[in-house]
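Structure assessment
One-letter residues, chain by chain:
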Protein chains: 2
Amino acid sequence: MSDVTTDDRARALDAAGCIGKPEMVAALQAELPHDIVLHDDESLRPFECDGLSAYRTLPMIAVLPATIEQVQTVMRICYEYDTPVVARGAGTGLSGGALPLERGVLLSLAKFNRILDVDTDNLRATVQPGVRNLAISQEVDHLGLYYAPDPSSQIACSIGGNVAENSGGVHCLKYGLTTHNIIKLEIVTVDGERLTIGSDALDSPGYDLLALMTGSEGLLGVIVEIVVKLLPKPELAQVAMVAFDDVRAAGDAVANIIKAGIVPAGLEMLDSPAIIATEEFVHAGYPTEAAAILLCEIDGTEAEVAEDIERVRQVVNDSGASDVRISKNDGERALFWAGRKAAFPAMGRISPDYYCMDGTIPRKALADVLIGIGELSKKYGQRVANVFHAGDGNLHPLILYDANNPGELERTEEFGGAICELCLKHGGTITGEHGVGVEKIDQMCVQFPKAELLQFHAVKAAFDDKTLLNPGKAVPTLHRCAEFGAMHVHHGEMPFPELERL
Amino acid sequence: MSDVTTDDRARALDAAGCIGKPEMVAALQAELPHDIVLHDDESLRPFECDGLSAYRTLPMIAVLPATIEQVQTVMRICYEYDTPVVARGAGTGLSGGALPLERGVLLSLAKFNRILDVDTDNLRATVQPGVRNLAISQEVDHLGLYYAPDPSSQIACSIGGNVAENSGGVHCLKYGLTTHNIIKLEIVTVDGERLTIGSDALDSPGYDLLALMTGSEGLLGVIVEIVVKLLPKPELAQVAMVAFDDVRAAGDAVANIIKAGIVPAGLEMLDSPAIIATEEFVHAGYPTEAAAILLCEIDGTEAEVAEDIERVRQVVNDSGASDVRISKNDGERALFWAGRKAAFPAMGRISPDYYCMDGTIPRKALADVLIGIGELSKKYGQRVANVFHAGDGNLHPLILYDANNPGELERTEEFGGAICELCLKHGGTITGEHGVGVEKIDQMCVQFPKAELLQFHAVKAAFDDKTLLNPGKAVPTLHRCAEFGAMHVHHGEMPFPELERL
């Protein structure tokens, strides 16, 4: 791609009968300040990919509006000229949800970076979509409040992107996903209308469009304002680091903690390769001989934490833990977490590249799926380290590879697909918190039969009659699934009978 | 209506060119056991109303399928003949959501009354929609588990109806509404297709149709199977009964409890008329001189409860409580709740009739709305008692009236509409947990501007292209709103500018 300029592409599109880049630039500049309409290759370069950087495309045009009215103008013009639009927050997404289209407009919400209101009586804040996730908690810290969902990219990721992807984080076991922590949205529709979704009260009549919009990956509308819930900061938090000699015992311990009625603020698991890599990197004190460790955080008042930590100790001992260590102070707590938080960069020290997967499974399947991933690792001849939100059954297998070895990226992607299908076989899903984007779109064909996909398309059409909002992401066409199914048959077996129906 | 038989109506409809009752009965009986297709007036009588008994209509036909395949057959035939369908669970709904249509089929899910599976590893149960809410908790009681949402009708109401209305209950402040306590649905679509919505894992990719279906009041599909979450029963629960001399102090105390980071299992409020009426009825020990009381339940382990109860005591004392009493044992706890639970029947002792409203407001508006309701009470010359889920801002004003006085029911309904509009003025909504049904359909015109209503209709069309599923409920037509708006103008003023846009 690097040797083809956007102008070359624009001329090719002109020849094909689509509206040309010059006309589209002119149409946008006629109604918007010229300096917010970017169109030369150099200006467009920063938008060519998001966190899934293996995929890159220069957009035809990028627009950086600063007001809701400008967003409405962009959408109205694009609708008129049948030009697709990809909205982008901070661009930290891991599934390519903000990957531009070479014939499309990239709509950056970067200038929507203000916290508009903090309402301490009702514990909520009104924020613009470009506000960074962590900035909300920082803004209300002096009030003893915070915003709960904490994806690991929270320093950089934007709240608008969090809503579009329904982001989670370490604490979503207790405090819920993004969908449980917002109460109202302002959106701009594909044709430039403004809609209010949800309300200032806890429940809203009519269809639950608030949940529908959350996690819809930019396919239903452009989010321009968000009312988030705030929570009082817990008095205390303490972490139990629990080692196991056996992965199955660790998996059972997770289920047993939840069954005991304990609601940890976080319940994370690392397997042996992840433990070794992170321990060498940050020296968090992880037992490198363990088959798996659990990090179980309890928060609340001092008495609550003391009591629940004791209960956790008892449950994990009964589940066969080989060692239990409780953080003695905030410094040690931070150290225990430092390993978990550094797990991804730690992989960079033991492998030139790694591919971060994301799937969810019912909790009781944890051990079986881990063992299954180990078998796939042998089959594909590639190492895997597992780091995951165990309490939610949300896995993050990290496949280690070297992109410089010919064919290794392709084999890694195939391995990733096999992990997705393993999750599905155990009643799971192909993504937990990273979204489908372009990355998992073929696996959607495996998860969903035709009737469900048709229903998704019908819902999409109810918001976007011309299919201009982030096309090619999140929900595959039936045609794509038929092709994917045919390819799988070609490889010798039909992995899931659903595909035969497509 | 009582002197018009369904056969008379059927003949009138025949004359109007619609499919006649005999043809529809024949079409259904051709593919279904005859004894599940009811069509004479006597058999239809039990279905003529739900819990909103002021509205009554005999359906043309009632069908009582026992299998999902039979539901599919009913839907397919009704779709073919353009016959509308109203699904019904236990018929305990309070907004007329299951009110039949005289030209429609009433689809009773009463025979779907089995608990199909209890999965203790993943803490969930698979149930049929006709299972009573409380029956789920009873079934898993010996496992130390329960199903959290507990609407006050839980002895009788069905879980399918709970999903359709997104029911809440006393404990939804801590444990969420129905939408937070289910993870998967099987539905039959308007044309008889079967769809699986959600998954066995905690998150599912694609649009969140699970939340969209929940609370959709039977307008998007027929629910035929539900996977609910189960929770471990808390070790202990204790209630603080707190008295206030002043309604505003009570409202502030609610906000202060939440701001302190306490998450009560329940946080209920009764105002003076409600206290007096219930105390005379059940002798729960309520202080009859108080302006308001709060019932604040804390659950958890013994230490957690002890600590949080002390924190509640401190917060309410700081907020100006005149008296605080803590339940000493389960007997006293039950007694404190007995008053709250008997509040509705208690009204029957002091008034021939009462009308139970349902609205939600942001918590900080509690005192202002209560005072506003008091002013409306004077204006309309009718007494009101207030009983509500204070923690959620979910009000249940009970308007007392005598249906035997000519015009009093009509005045009561107008008063109820004014309360809805008062909630909206304070950023609230027109319904909390009872749904819109037929009862609040005009108030939907006040809550939602045209753009939102159009979006609702587009979503509806994505599931029900012929508008056959529960038509006339939940979401008003634009025509209806225009008429409602015109009427309001006619009365002298346009209460909300939204209506001018319709």
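Everything numeric here is computed off the predicted structure, so don't read it as measured data.

**So, the UniProt feature "domain: FAD-binding PCMH-type" (unreviewed entry) in chain A**
- Per the UniProt record, "domain: FAD-binding PCMH-type" (unreviewed entry) is found at residues 55-233 of chain A.
- Helix makes up 21% of residues 55-233 of chain A and strand 25%. Its end C-alpha atoms lie 39 Å apart.

**Topic: the packing of aromatic side chains**
- Tallied over the full model, the rule gives 10 aromatic pairs over all chains.
- Taken together, a centroid distance of 6.2 Å and an interplanar angle of 85° make the contact between A:Y146 and A:Y175 edge-to-face. In this pair, A:Y146 sits in strand β7 (residues 145-146) while A:Y175 sits in helix α7 (residues 172-175), placing the two residues 29 residues apart along the sequence. Here A:Y146 matches A:Y175 in class, with each residue buried.
- Plain terms: the ring middles of A:F344 and A:Y354 are 6.1 Å apart, the flat faces sit at 65° to each other, and that makes the pair edge-to-face. Taken together, the residues span a long stretch of sequence, with A:F344 in helix α13 (residues 343-350) and A:Y354 in strand β16 (residues 353-356) at a distance of 10 residues.
- Grouped by ring-pair contacts, the aromatic residues A:Y207, B:F448 and B:F456 constitute a single cluster.
- Just above the ring of A:Y79 sits the side chain of A:K466; from NZ or CZ to the centre is 4.1 Å.

**A few points about the state of the cysteines**
All names here are of chain A.
- According to the stated counting rule, one finds two disulfides over all chains in the structure shown.
- The partner cysteine of C445 in its disulfide is C481, sulfur to sulfur 2.2 Å. On the S-S bond that ties C445 to C481, the torsion sits near -80°, and the link is left-handed. Placement of the pair is C445 in helix α16 (residues 441-447) and C481 in helix α18 (residues 478-490), with a sequence separation of 36 residues.
- Classification of C445 by relative accessible area gives buried; the value is 0%.
- C481 gets classed as buried once you look at its relative accessible area, which sits at 0%.
- In this model C423 remains outside any disulfide bridge; the closest cysteine sulfur is found in C420, 6.4 Å from its own.

**Quick word on the interface of chain B and chain A**
- In this assembly, 70 residues from chain B lie in contact with 70 residues from chain A.
- Roughly 5,500 Å² is buried in total at the junction of chain B and chain A, and carbon and sulfur atoms are behind 60% of that figure.
- The interface formed by chain B and chain A includes four salt bridges.
- Here B:D119 makes a salt bridge to A:K364, at a shortest N to O gap of 3.9 Å.
- At the surface where chain B touches chain A, the tally comes to 12 residue pairs in polar contact (both at pLDDT 80 or more).
- Looking at the side of chain B that touches chain A, the elements with two or more residues in it are β9 (194-198), α8 (209-213), α9 (247-259), α11 (302-318), α16 (441-447) and α17 (450-463) of chain B.
- Here the side of chain B that touches chain A gets nine residues from one element, more than from any other, and that element is α17(B).
- Within the side of chain B that touches chain A, the residues separate by chemical class into 30 nonpolar, 21 polar and 19 charged.

**Description of the domain arrangement of chain A**
Residues and elements named next belong to chain A.
- Here chain A is partitioned into domain 1 (6-108), domain 2 (115-232), domain 3 (236-345) and domain 4 (354-385 + 400-501).
- At the interface, 13 residues of domain 1 touch 15 residues of domain 2.
- Here domain 1 and domain 2 share an interface that buries about 1,200 Å² over both sides, 67% of which is from carbon and sulfur atoms.
- Together, I68, Q72 and M75 form the three largest contributors to the area buried by domain 1 at its contact with domain 2, with a combined 40%.
- In this assembly, domain 1 and domain 2 are joined by zero salt bridges.
- Counting the contacts that link domain 1 with domain 2 gives two residue pairs in polar contact (both at pLDDT 80 or more).
- Its residues assigned to classes, the side of domain 1 that touches domain 2 shows six nonpolar, five polar and two charged.

**So, the relation of the copies chain B and chain A**
- Least-squares fitting of chain B to chain A yields an RMSD of 0.1 Å, with the transformation described by 0.0 Å of translation along the axis and a rotation of 180°. Taken together, the rotation and translation describe the operation of a two-fold axis. Considering only C-alpha atoms, the part of chain B nearest the rotation axis is B:E304, at 2.6 Å.
- Most of the interface of chain B is mirrored in chain A: 100% of its interface residues are interface residues there too.

**Things to note about the sheet that holds strand β4 (residues 105-108) of chain B**
Residues and elements named next belong to chain B.
- Pairing in this open sheet of four strands is mixed, and the strands run β1-β2-β4-β3 from one edge to the other. Across the chains shown, the open sheet's two edge strands, defined by having one partner strand only, are β1 (37-38) and β3 (85-88).
- For strand β2 (residues 61-63) and β4, the ladder comprises three bridges, and the chain directions are parallel. Note on β4: the bridge partner recorded for V63 is L107.

**Quick word on helix α17 (residues 450-463) of chain A**
- The end-to-end C-alpha distance of α17(A), which contains 14 residues, comes to 20 Å, matching closely the 20 Å that a straight helix rising 1.5 Å per residue would cover.
- Among the residues of α17(A), A:A451, A:E452, A:L453, A:Q455, A:F456, A:V459, A:K460, A:A462 and A:F463 are the ones counted as buried.

**Quick look at the sheet that holds strand β8 (residues 182-188) of chain B**
All names here are of chain B.
- Across the sheet, which stays open at both edges, the five strands sit in the order β5-β6-β10-β8-β9 with antiparallel pairing between neighbours. Every interior strand has two partners, whereas the edge strands, β5 (115-119) and β9, have only one. Taken pair by pair, the neighbouring strands of this sheet meet at an average axis angle of 15°, ignoring direction.
- The pairing of β5 with strand β6 (residues 124-127) spans four bridges and is classified as antiparallel. Paired with D119 across the strands is R124, a residue of β6.
- Each of β8, β9 and β10 (222-229) is contacted by helix α4 (residues 68-80), which is oriented at about 140° to β10, the strand it contacts most.
- Lying over the sheet, helix α5 (residues 133-140) contacts β5, β6 and β10, oriented at roughly 45° with respect to β5.

Parameters and conventions
Residues numbered from 1 in each chain as written. Chains lettered and ligands numbered in written order. Predicted model: local features only at pLDDT ≥ 70, side-chain atom pairs only at ≥ 80, totals over all residues. Heavy atoms only, no water. UniProt positions renumbered as here; feature names shortened; annotations may be inferred. Helix = DSSP H or I, 4+ residues; strand = E, 2+ residues; numbered from the N terminus. Phe/Tyr/Trp six-rings, centres within 6.5 Å; stacked < 30°, edge-to-face > 60°. Buried < 20%, exposed > 50% of the residue type's maximum accessible area, 1.4 Å probe, protein only. Lys NZ or Arg CZ within 6 Å of the ring centre and 35° of its normal. Disulfide = S-S within 2.5 Å. Contact = heavy atoms within 4.5 Å. Buried area = accessible area lost by both parts, 1.4 Å probe. Salt bridge = Lys/Arg side-chain N within 4 Å of Asp/Glu carboxyl O. Polar contact = N/O pair within 3.5 Å; in protein donor to acceptor, adjacent residues only side chain to side chain. Nonpolar A, V, L, I, M, F, W, Y, C, P; charged D, E, K, R; others polar. Domains from an automatic or database assignment. Least-squares fit on C-alpha atoms with pLDDT ≥ 70 in both. Pairing = 2+ DSSP bridges. Expected span 1.5 Å × (residues − 1). Axes fitted to C-alpha atoms, helices over the stretch in contact; angles between N-to-C directions.

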